[in-house]
Amino acid sequence: MTRAEMRKAAAKGGRGKGANRGAAAGAAAAAAAGPGKKLLIDYPRFGKTGVRRWLPSWKQWLSGFVLAFGCFVGLVFYLYQTTQVPDMNALVNRQNTIYYWADGSEMTRKGEANRQIVELKDISPNIQNAVIAAENQSFRTDSGIDPKGMVRAVYNMAKGGETQGASTITQQYVKNAYLSQEQTLDRKLREFFITLKVNQKQDKETILKGYLNTSWFGRGANGAQAAAQAYYGIDASKVDICQSAMLANLLKGAAYYDPTNPANKERAEGRWAWILEQMVKTKAITPEERAKCTTFPMPIPQKASSKMNGQISYLVDTANRYITSTDKTMTQQVIDKGGLKIYTTFEKDKVEALKKAVDDVKAANLDPVKRPDNDTFVQFAAASVKPNDGALVAIYGGDGVENGHFDNNAEVTGVQVGSTFKPFVLATAMQQGVLTSKDADGKPKRINADSRYLSDDMSVIRKVDGSPVIGDDGKPYRQKNEDTGKRGYVSLRQAMQYSYNVPFVQLGQDVGNDNVANIAMQMGIKKEGLAGTNTATFPIGTSTISPIRMANAYGTFAASGKAAEPYSVTKVEVDGAERTGFGKKDTKVALEPAVADNVTDVLVNVAKNGTGKATNTLGRPVAGKTGTTDKNRSAWWVGYTPQLSTSVAMWREDPSKHQRESLNGTAGQESIHGGALPTDIFTRYMKAALANEKVVDFPTPTPVGTEVDSSGAPSTNMPTTPSTEAPTVPAQQPGQPQPGQPQPGQTTPGACVPGVDCPGQPTPTQTRPNPGGSPCNLPVVCPSQSSSGPPNGGTGNGGGGGKPPTGGTTPTPPGGGGGLQGSGQ
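None of these values were measured; they are calculated from a predicted model. (Residues numbered from 1 in each chain as written. Predicted model: local features only at pLDDT ≥ 70, side-chain atom pairs only at ≥ 80, totals over all residues. Heavy atoms only, no water.)

Caption draft 1: Focus on the overall build of the protein chain. When helices and strands are tallied, the protein chain shows 23 helices and 24 strands. For the protein chain, the proportion of its 825 residues judged to be buried stands at 53%. Considering only residue pairs separated by 6 or more positions, the protein chain has 73% of its internal contacts joining residues 24 or more positions apart. (Helix = DSSP H or I, 4+ residues; strand = E, 2+ residues; numbered from the N terminus. Buried < 20%, exposed > 50% of the residue type's maximum accessible area, 1.4 Å probe, protein only. Contact = heavy atoms within 4.5 Å.)

Here's what the structure looks like:
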């Protein structure tokens, strides 16, 4: 019997009639046959029962480990022997990176790397020491491999997290000179074996020389010699201690540590100081030498490439930003090394039309010679996006690198958007409703553009519970309009038309600023561009959003609520192989179609009859909104047709100070508003960009929400007394109602605020009732006593009651009143 048969016979023992006889017969047969044969590998284990049969013996464990280890050693030996160190000369023959227009024609090419190979003796010891102190302090004694760093990088790649670069100078040198910048397991393995060979065959001086000649320092500079020339205009042999620490800074990432970018300066100075301290720690310099570096060595201005003139440099910058943010392995260093083909969404004719529109408006309005204090340092930015697609077809980034303007204005952050933010507030109220009124199922009641809000200048802003918003000065906050008149209650449509601040600051309280921020982000605004929502003035544009993002977000209105992610690159090829992940993404529903179309209807009225009526000469349906900010520091127009959404911004900024200057007096005007130069640029550009496009109407909006008037609004059937007060209108302010013309909305003469400036009235404690009630049973406004301004006749910020509450941006307009002085337009 075989062992299997013996086990079966034993298992049957005692069962059934004749079991004993079967067992005895089986035992006799087994005795006659002798013991069973063991297998070559005794598994399952012979003579064991139960779980023990399946547990390997210690000999088996040991044998398995020795076998696996032997295979691993053999594999490592094989890979080491078969890995070839590539020819470093191939590095010098890298191909250009080529950029293409949307129609497939070549836009420009770059990548003739600024690389000068020099001997180590021609590179200042200061640079050598600074790089070692910053990057790999054990360089001269280590084996060239950082096992922990390698394992960490492989682990991060395996779990799909952020990858980390090589830790040693030798590994970085191998990556720079012999490999691509891909973060893959295959490349990590090849890096490991090439590093072993390089470290075995080359001495430390040769490795350091190779590293310093192949490292990327930004500004298109590969190697220390090219970097010294690019940043300081000197040879690498002449770089001093202070400059060397700055150059070593750049190896961490030139995009983040080039101090000529204002956003990088503080970061760059901090790391520069740290590197100097590390140089002292490694005894590369003495504390006395370190003490001489008291002033940060700012680099010289960047030199422009002739192939990057005009708008080309900004188009390339925008495409590169999109690539590096979409594919984390595609760093700027990878792009600069060459061998890429980048196909963009930019349409040459539209880019040229946008530039011409800006140039023509500048030539017609600005005279720096005649008005040097007002017409210098004027900056423009613009972006144009296809709605329901996200393709960026044109941008205006500045005067051109050939004129010393290197920053890409189309990507600018730090310029407040003003009243162009108000449509997001209205959209939130239509989509999510106001917290001050509930519908039948207890949810916030959704409103429409006929809802009426108080628009009087210097009105107190109320929370949802009816209590006043308290400013930083501890007094009720009063919001200022650009127009100082007392307009009373106007519809939100009219408030948008004439860009009154008070209704939208109050509406922000009623819907919740956090809800407004969420809607804006759903429409494509980045969170980092939004100001703090705990500031009362958040709804009127304290946020600093780039022109590209503003144009794209308004495109959501044009597309009936469908939000598209903006993109500037459709395809990227690296050494002939296409990379995935670029191009148009699926749209998502950010707003209900009815909501988006109703907001568009309101903005069509702005463009036709309000602050944007200069667009009427375009000759086709246009929707949009003007924006002007605190102290007239910026002016915007963001508008769209069904085919194209375009934003235009302007501001003044002294490049030596990197601070915004007022536009008051620019172009010979008392103040610049969004309805002036920005709208003019928009109209000129859109005429050319849409010249061959058919005229398309916006969708007819279906009803949305109901009329929900704010507290204190008089009944619609109540007789009203027209205001006899002529509006105070700033000079050159387009679209604002003029004296003698019919005025919008109803007037509430002599309105006062109980508990604030109504004589003999106690401070209200009840919550705000539902809108539409009697005008005198409310804690917000009682039409009884006249209030011509702030309490006590003050002219300070809100007359002693007007600083916005802390949080985010809290602009304080000149002459008091709180809020954004200029965002009324």
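There is more to say, and it comes next.
Caption draft 2: Seen up close, the environment of Val 239. Within the secondary structure, Val 239 is located in the loop between α9 (224-232) and α10 (241-250). On the basis of relative accessible area, Val 239 is assigned to the buried category, the value being 2%. In sequence terms Val 239 and Ala 224 are 15 residues apart; their C-alpha atoms lie 9.9 Å from each other. Look past the residues within four positions of Val 239 in its chain and what remains in contact with it is Ser 124, Asn 126, Ile 127, Ala 228, Ile 234, Ser 244 and Leu 247.

Caption draft 3: Spatial organisation of the packing of aromatic side chains. In this structure the tally under the stated criterion is 13 aromatic pairs. Ring centres of Tyr 554 and Phe 557 lie 5.7 Å apart, and the angle between their planes is 80 degrees; on these two criteria the pair is classed as edge-to-face. Taken together, the residues Tyr 554 and Phe 557, both in helix α21 (residues 547-558) and three residues apart, mark about one turn of the helix. Phe 557 gets classed as buried once you look at its relative accessible area, which sits at 1%. Ring geometry for Tyr 554 and Tyr 640: centres 6.1 Å apart, planes at 80 degrees, overall edge-to-face. Here Tyr 554 is found in helix α21, whereas its partner Tyr 640 is found in strand β20 (residues 634-640), with 86 residues between them in sequence. In terms of burial, Tyr 554 and Tyr 640 fall into one category: buried. A network of ring pairs unites the aromatic residues Phe 421, Phe 424, Phe 538, Tyr 554, Phe 557, Tyr 640 and Phe 698 as a single cluster. (Phe/Tyr/Trp six-rings, centres within 6.5 Å; stacked < 30°, edge-to-face > 60°.)

Caption draft 4: Examining the packing of α10 against helix α12 (residues 265-281) more closely. Interaxial distance between α10 and α12 falls to 9 Å at its minimum, and their mutual angle equals 115 degrees. The interaxial crossing formed by α10 with α12 has right-handed handedness. Residue-level contacts link Ile 241, Cys 242, Ser 244, Ala 245, Met 246, Ala 248 and Asn 249 of α10 to Ala 268, Arg 271, Trp 272, Ile 275, Leu 276 and Met 279 of α12. Split by residue class, the contact of α10 with α12 holds ten nonpolar, two polar and one charged. (Axes fitted to C-alpha atoms, helices over the stretch in contact; angles between N-to-C directions. Left-handed = near helix turned anticlockwise from the far one by under 90°. Nonpolar A, V, L, I, M, F, W, Y, C, P; charged D, E, K, R; others polar.)

Caption draft 5: Geometry of unusual backbone geometry. In this model, Lys 283 sits at a positive phi of 65 degrees, which is unusual for a non-glycine residue. Looking at the element boundaries, Lys 283 is found in the loop between α12 and α13 (287-291). Backbone geometry places Asn 388, a non-glycine residue, at a positive phi of 65 degrees. Position of Asn 388 relative to the elements: it lies in the loop between β7 (378-385) and β8 (392-396). Accessibility expressed as a relative area gives 35% for Asn 388, which makes it partly exposed.

Caption draft 6: Structural context of helix α14 (residues 312-326). Over its 15 residues, α14 runs 21 Å from end to end, which matches the ideal 21 Å to within 8%, given 1.5 Å per residue. Taken as a whole, α14 has its buried residues at Ile 312, Ser 313, Tyr 314, Leu 315, Val 316, Thr 318, Ala 319, Asn 320, Tyr 322 and Ile 323. (Expected span 1.5 Å × (residues − 1).)

Caption draft 7: Up close: the sheet that holds strand β1 (residues 97-100). Spatially, five strands are ordered β2-β1-β6-β16-β17 in an open sheet, and the strand pairing comes out mixed. Lying at the two open borders of the sheet, with one neighbouring strand each, are β2 (106-110) and β17 (577-579). Strand-to-strand twist in this sheet, taken as the mean axis angle between neighbours without regard to direction, amounts to 20 degrees. Where α14 meets the sheet, its contacts fall on β1, β2, β6 (340-344) and β16 (569-574), and the angle it forms with β2 comes to roughly 75 degrees. (Pairing = 2+ DSSP bridges.)

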